[in-house]
Amino acid sequence: DKLVEFYIDYEDEDKRDLWFLLQELQIGGKHVVNHVREQLPQLSEVKNFRVEPLLKYKISVEKVRLLEACLNDAFVSKRYELYHKHKIRIVVLSDSQYPQQLQQIPDPPCALYVKGDAKLLHHPSIAVVGARRATMYGIRATRHLTAQICAYGFGIVSGMARGIDTEAHLTSLQCGAPSIAVLGTGFDIIYPRENKRLIERMVDEGVVVTEMPYGAEVKKWSFAKRNRIISGLSLGTLVTEADENSGALQTAKSANEQDREVFMVPGSIFSPQSRGTIKWMKEGATPVTSGKDVAEQFENRFLFFDHTYKKENIPSDLTEDERQVMQHLTREGMTIDELLAKTKFPFGHLHTVLLSLEIKKKILKYSGSIYSKIH
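Residues numbered from 1 in each chain as written. Predicted model: local features only at pLDDT ≥ 70, side-chain atom pairs only at ≥ 80, totals over all residues. Heavy atoms only, no water.

**Overview of the side chain of Ser274**
Consideration 1: Tracing the chain through its elements places Ser274 in the loop between β8 (261-264) and α12 (275-282).
Consideration 2: In terms of polar contacts, Ser274 uses its side chain to reach the backbone amide nitrogen of Ser268, at 3.5 Å. (Helix = DSSP H or I, 4+ residues; strand = E, 2+ residues; numbered from the N terminus. Polar contact = N/O pair within 3.5 Å; in protein donor to acceptor, adjacent residues only side chain to side chain.)

Here it is, written out as C-alpha cells:
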C-alpha cells in the first residue's frame, strides 16, 4: 500500500499499469495511445488487454510480444520498486496529476517520470529555449525576458541544454518562479554533465521531468522527442536565439503543431545565431522585446494574470537608499562599479542595499557583479 501511495492518485491500478508499461517499453506514438484510450473503458484487468491489434500500427512483433510478456505483476512491481528506490514519481495519462496542457497534444507520453514538485506541472508556464552556443546578447536577452515573464506570474519550462536553456532555468530559480526542466534522458544519465548541480537544485526548488525510462538507451531522437513535451507543458514558446538548424526551432515547430503561441526575439542580422529567429519572424512568429509582449497574449486565459509577483512575495516599501539605487538601475544591467559611481555610496553599504533589493525580488544579480531591474 505504501508503494502504491507514492505513485500519485489513480482510479484503476490495472489501467495505470498498462500506460506505465507502454512507456517503459517505449511502445508509444499517438496511434497506439489512441487505441489504448479506446480500450480503457472496457478494461477490468490488464491481462484482458489484447496486444495483437497493436501490430497494425507498424510496431514490431518483437515489441508487441515483449509487452505481452511484461503484462504481469512481477515485472510491474519490480520496475515500481526501482523508481521508488530512486525517489522518482510516475504520472500516467489516467492520473489526476497528469498535466492537462500536455494531455491535449496529439502525442502525449503514456507516462512521465518526475522528481520534485509535480504540482508545478499544472502552473501556467512559458517555454524559453534557444541556442546551445549562445552569444552574450542571447544570454542577456534570456535573463532579461525570463525575469520579466516570471514577474507576471508565469512558470518557466526549458530543456536543461547548454546555453539559453541553462540561463532560463537559473533565472527562473533566482526569481523564485515555478521552474520546470524536461530532460532528454532517463534520471540515471546526467546530460550535460556540467548541469548536475543545476538538476539537483531544480529537484529541490522546482521540478524535473522526462519520458525516458530509467536505464533506457539514449538516442539522438530522444532529445527531439523531448521538445514536444517542452512546448506541450507551456502556453507558448519563446525562442531567444537560434540558428536555422537549431533544436530550439523544433520546439517552436512543435508549439505550432500543438496550436500554441510562438515568440521570437529579434537579433543582429550579422549573427548566425539570429538567422533562425529572424526567418521565423518573417514567416509570422510574434516578435518580442519585453515580457509584457508575451504576458499580454494570455491575459484572458491566465486566471491568475497579474503584472507583478503576488504582493506578499514582494514588499512594496523601499528605503530611501533602495529607491535611489532603483532610479539608477536599468533592465539591461549595470556593474557594481557603475552603481558606486552613480550613487556615491560606500561599497559595503551599496552591497547591503543590493542584497536587500534581491530579497525583495526587485533586482537580479548575474555573474560578474552585474545587477538589473526585474520590472
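The structure having been displayed, the exposition proceeds.
**Quick word on the environment of Ile230**
Consideration 1: Within the secondary structure, Ile230 sits in helix α10 (residues 220-232).
Consideration 2: Sequence separation between Ile230 and Ile156 is 74 residues, and the spatial gap between their C-alpha atoms is 9.9 Å.
Consideration 3: Residues in contact with Ile230, not counting those within four places in the same chain, are Ala127, Val129, Val157, Ser158, Gly159, Val182 and Thr251. (Contact = heavy atoms within 4.5 Å.)

**Focus on the pattern of salt bridges**
Consideration 1: Counted under the stated rule, the structure contains twelve salt bridges.
Consideration 2: Between Arg228 and Asp107 there is a salt bridge, with its nearest N and O atoms 3.3 Å apart. Residue Arg228 is located in helix α10, and its partner Asp107 is located in the loop between α6 (100-103) and β2 (111-116); the two are separated by 121 residues in the primary sequence.
Consideration 3: Close ionic contact of Glu211 with Arg228 constitutes a salt bridge, the shortest N to O distance being 2.8 Å. (Salt bridge = Lys/Arg side-chain N within 4 Å of Asp/Glu carboxyl O.)

**Focus on the pairing of β2**
Consideration 1: As defined by bridge partners, strand β1 (residues 89-92) adjoins β2 across four bridges and the pair is classed as antiparallel. Note that in β2 the partner of Val92 across the bridge is Ala111.
Consideration 2: Direction of pairing for β2 relative to strand β6 (residues 207-210): antiparallel, over a ladder of four bridges. Pairing of Gly116 across the sheet is with Val207, part of β6. (Pairing = 2+ DSSP bridges.)

**Regarding the sheet that holds strand β10 (residues 334-335)**
Consideration 1: Across the sheet, which stays open at both edges, the three strands sit in the order β10-β12-β11 with antiparallel pairing between neighbours. Here the strands that pair on one side only, and so sit at the sheet edges, are β10 and β11 (363-366).
Consideration 2: Here β10 pairs with strand β12 (residues 370-373) via two bridges, running antiparallel. Bridge pairing in β12 links Met334 to Tyr371.

**Description of the confidence of the model for the protein**
Consideration 1: Averaged over all residues, the pLDDT of the protein equals 83, while 82% of them reach at least 70.
Consideration 2: The low-confidence segment residues 1-11, where pLDDT is below 50, has 25 contacts with residues more than four positions distant or belonging to other chains.
Consideration 3: Predicted confidence for residues 303-316 stays below pLDDT 50, and this span has 26 contacts to residues more than four positions away or in other chains. (pLDDT = per-residue confidence, 0-100.)

**Points about unusual backbone geometry**
Consideration 1: Note that the residue after Tyr191, namely Pro192, is joined by a cis bond; omega there is -5 degrees.
Consideration 2: Turning to its location among the elements, Pro192 is positioned in the loop between β5 (179-182) and α9 (196-205).
Consideration 3: One non-glycine residue with positive phi stands out, namely Lys87, at about 55 degrees.
Consideration 4: Residue placement: Lys87 occurs in the loop between α5 (73-85) and β1.
Consideration 5: At Lys344, a residue that is not glycine, the phi angle is positive and equals roughly 65 degrees.
Consideration 6: As for its placement among the helices and strands, Lys344 is situated in the loop between α15 (336-343) and α16 (347-359).

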